Amino acid sequence: MVKRQTTKLNNQIIVRMDDETKEAFMDKVQSEGKTASELIMGWIRSYLAEERHETPDLTKMHNELENLKQQVALIQNELLEKTAA
């Protein structure tokens, strides 16, 4: 079952569209057992999450890469020691 938001929200975004589009949208949303607000809020949250991921933390990535390089070097050394023995 879909969890409904219990907090009353007062802010609005107004979207203008023709009657035919609105009716088709509302019919589809209702047939899926959702509300227009739930669907649109899902899109907005997804969009915001994508934007946060567009700016990677380069320092963190660099540190992780260096750590991986060290791990690979250790594994290579272990393999070389085993093959030499």
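Please read all numbers here as calculations on a predicted model, not as lab measurements.

### Here's the deal with the overall build of the protein
The helix and strand inventory of the protein stands at three helices and zero strands. In sequence order, the protein lays out its α and β elements as α-α-α. In the protein, which comprises 85 residues, the share counted as buried stands at 4%.

### Focus on the packing of aromatic side chains
Evaluated as defined, the whole model comprises one aromatic pair. For the ring pair Phe25 and Trp43, a centre distance of 6.3 Å and an interplane angle of 45° mean the geometry is tilted. A residue pair is termed long-range when its members are at least 10 positions apart, and Phe25 in helix α1 (residues 19-31) and Trp43 in helix α2 (residues 36-53) qualify at 18 residues.

### Examining a nonpolar patch on the surface
A cluster of nonpolar side chains, Ile13, Val15, Met17, Ile40, Trp43, Ile44, Tyr47 and Leu48, forms an exposed patch at the surface whose accessible area comes to about 800 Å². Along the chain, the position of Met17 falls in the segment before α1.

### Considerations on the pattern of salt bridges
Scanning the model with the defined rule gives two salt bridges in all. Taking the shortest distance from any N to any O, the salt bridge between Lys34 and Glu32 comes out at 3.8 Å. The exposure class assigned to Glu32 is partly exposed, which follows from its relative accessible area of 39%. The residue Glu66 makes a salt bridge to Lys69 at a minimum N-O spacing of 3.4 Å. Taken together, the residues Glu66 and Lys69, both in helix α3 (residues 58-84) and three residues apart, mark about one turn of the helix.

### Quick word on the confidence of the model for the protein
Overall, the predicted model of the protein reaches an average pLDDT of 87, with 88% of residues at or above 70. Ranking the elements of the protein by mean pLDDT puts α2 last with 86 and α1 first with 96.

Rules of the game
- Residues numbered from 1 in each chain as written.
- Predicted model: local features only at pLDDT ≥ 70, side-chain atom pairs only at ≥ 80, totals over all residues.
- Heavy atoms only, no water.
- Helix = DSSP H or I, 4+ residues; strand = E, 2+ residues; numbered from the N terminus.
- Buried < 20%, exposed > 50% of the residue type's maximum accessible area, 1.4 Å probe, protein only.
- Phe/Tyr/Trp six-rings, centres within 6.5 Å; stacked < 30°, edge-to-face > 60°.
- Patch = residues over 30% accessible without salt bridge, like charges linked within 9 Å, V, L, I, M, F, W, Y side chains within 5 Å.
- Areas by Shrake-Rupley, 256 points an atom, 1.4 Å probe, with all protein chains shown as cover.
- Salt bridge = Lys/Arg side-chain N within 4 Å of Asp/Glu carboxyl O.
- pLDDT = per-residue confidence, 0-100.

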